Amino acid sequence: MNLILLGPPGVGKGTQAKLLIDRFGIPQISTGDILRAAVKELTPMGIKAKGFMDSGALVPDEVVIGIVEERLAQPDCQKGFILDGFPRTVPQADALSQVLTGIGKKIDHVVSLSVDKDELLKRLTGRRACSKCGAGYHVDFAPSKVAGICDACGGELFQREDDKEETILNRLAVYEAQTSPLISYYQGAGLLRSVNGLGSVEGIQAEIVAILQGAQ
Ligand code: AP5
């Protein structure tokens, strides 16, 4: 099963993708995670991407298309994959379609999550992640047992650079201008299913799973 999770920053794409990995045994491909790892490791790509990411802008299409093309060729994607944060522009979606055609694959489902802007702001300003194992938390909605410390490994929690309010507002504007056209793009292709992203993580997961299993 080849899936795209679409939606604005903070809507819950990463949270839902992580649950789908276990359920379907297919990997999550998060361009944001791949880019953040490259920034941390100071690779040439990371150095190039950092300025765009810190300001909330998109990294150039040719960089992310290259990342995804390389990742899709890896053996663990043979049974399927969950794209989280890609595509984000129409040229990225066109490139994805070409890459998949070239390897005899196609997208099966595009699930679009949505919540209102106030909720997105709350989710993003309160998000924390573990500096050691990467586990995700939220100061109000999914707090760790001890403030600032990861329940799973004891690592220190941190706030993402781009989760400061000013940058979030820019990311949301970039989403509206450059990514939201993908909703009609995939609607036109007959692939889009919309899910309300407001509610419990488990309830939203159940709705997505029902769609993927063809029960809705
Ligand atoms: P990326 O890392 O992809 O960020 P994003 O799309 O902005 O998405 P987020 O990770 O912020 O949100 P999410 O939807 O995954 O929400 P989450 O599950 O964490 O991209 C970062 C940057 O990299 C971009 O700005 C760009 O510069 C660059 N980039 C990446 N991909 C690119 C591309 N394709 N092209 C160009 N540039 C690219 O949830 C958020 C919070 O809410 C968490 O704390 C969570 O616990 C909480 N939460 C989740 N679900 C619920 C719920 N149901 N109820 C209450 N709280 C919830």
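Residues numbered from 1 in each chain as written. Predicted model: local features only at pLDDT ≥ 70, side-chain atom pairs only at ≥ 80, totals over all residues. Heavy atoms only, no water.

1. Description of the UniProt feature "binding site: Zn(2+)" (unreviewed entry) in the protein
Link 1 in the chain: Under the UniProt annotation, "binding site: Zn(2+)" (unreviewed entry) lies at C130, C133, C150 and C153. The annotated residues occupy 24 residues of the chain but converge on a single region, no pair of C-alpha atoms lying more than 8.5 Å apart.
Link 2 in the chain: Take C133: it is sitting in the loop between β5 (127-130) and β6 (136-138).
Link 3 in the chain: As for its placement among the helices and strands, C153 is situated in the loop between β6 and β7 (157-158). (UniProt positions renumbered as here; feature names shortened; annotations may be inferred. Helix = DSSP H or I, 4+ residues; strand = E, 2+ residues; numbered from the N terminus.)

2. Side note on the UniProt feature "binding site: AMP" (unreviewed entry) in the protein
Link 1 in the chain: Mapped onto the present numbering, the UniProt feature "binding site: AMP" (unreviewed entry) falls on T31, R36, A57, L58, V59, G85, F86, P87, R88, Q92, R160 and R171. Spatially, the listed residues are scattered: they cover 141 residues, and their C-alpha atoms lie as much as 24.6 Å apart.
Link 2 in the chain: With respect to the helices and strands, the residue A57 is situated in the loop between α3 (44-55) and α4 (61-72).
Link 3 in the chain: The class of A57 is partly exposed, set by a relative accessible area of 29%.
Link 4 in the chain: In this structure, A57 is in contact with F52, N170 and V174, ignoring residues within four places of it in sequence.
Link 5 in the chain: Looking at where P87 falls in the secondary structure, it is placed in the loop between β3 (81-84) and α5 (90-102). (Buried < 20%, exposed > 50% of the residue type's maximum accessible area, 1.4 Å probe, protein only. Contact = heavy atoms within 4.5 Å.)

3. Details of the environment of L182
Link 1 in the chain: On the secondary structure map, L182 appears in helix α8 (residues 181-188).
Link 2 in the chain: Given a relative accessible area of 0%, L182 falls into the buried group.
Link 3 in the chain: For the pair L182 and V90, spaced 92 residues apart in sequence, the C-alpha to C-alpha distance is 6.4 Å.
Link 4 in the chain: L182 has contacts with L6, P87, R88, T89, V90 and A93, leaving out every residue within four places of it along the chain.

4. Things to note about the packing of α4 against α5
Link 1 in the chain: Across the interface, α4 lies against α5 with an axial gap of 10 Å and an inter-helix angle of 25°. Between α4 and α5, the crossing angle belongs to the class labelled roughly parallel. Every pair of crossing elements has a handedness; the one defined by α4 and α5 is right-handed. Counted together, D61, V64, I65, E69 and L72 of α4 and P91, Q92, A95, L96, V99 and L100 of α5 form the full contact between these two elements.
Link 2 in the chain: Across the contact of α4 with α5, the residue classes tally to eight nonpolar, one polar and two charged. (Axes fitted to C-alpha atoms, helices over the stretch in contact; angles between N-to-C directions. Parallel < 35°, antiparallel > 145°, perpendicular 65-115°, else oblique. Left-handed = near helix turned anticlockwise from the far one by under 90°. Nonpolar A, V, L, I, M, F, W, Y, C, P; charged D, E, K, R; others polar.)

5. Section: the sheet that holds β6
Link 1 in the chain: Spatial ordering of the open sheet is given by β6-β5-β7, a layout of three strands whose pairing is antiparallel. Each having just a single partner strand, β6 and β7 make up the two edges of the open sheet.
Link 2 in the chain: Of the strands in this sheet, β5 and β6 touch helix α6 (residues 117-125), which is tilted by about 30° from β5. (Pairing = 2+ DSSP bridges.)

6. Section: the site of the ligand
Link 1 in the chain: With respect to spatial proximity, 34 residues lie near the ligand, and among them T15, A57, R88, R127 and R171 are the closest.
Link 2 in the chain: Here V11 contributes a backbone N or O atom positioned 3.3 Å from an oxygen atom of the ligand.
Link 3 in the chain: Interatomic distance of 2.7 Å between a side-chain N/O atom of T31 and a nitrogen atom of the ligand.
Link 4 in the chain: For the ligand, whose accessible area on its own is 1,000 Å², the fraction buried by protein is 93%.
Link 5 in the chain: Listing elements by their share of the shell around the ligand, those giving two or more residues are α1 (13-24), α2 (31-40), α6, β6 and α9 (201-212).
Link 6 in the chain: The greatest single-element share of the shell around the ligand, amounting to four residues, is contributed by α2.
Link 7 in the chain: Among the residues forming the shell around the ligand, the class breakdown is 15 nonpolar, 11 polar and eight charged. (Near = heavy atom within 4 Å. Polar contact = N/O pair within 3.5 Å; in protein donor to acceptor, adjacent residues only side chain to side chain. Areas by Shrake-Rupley, 256 points an atom, 1.4 Å probe, with all protein chains shown as cover.)

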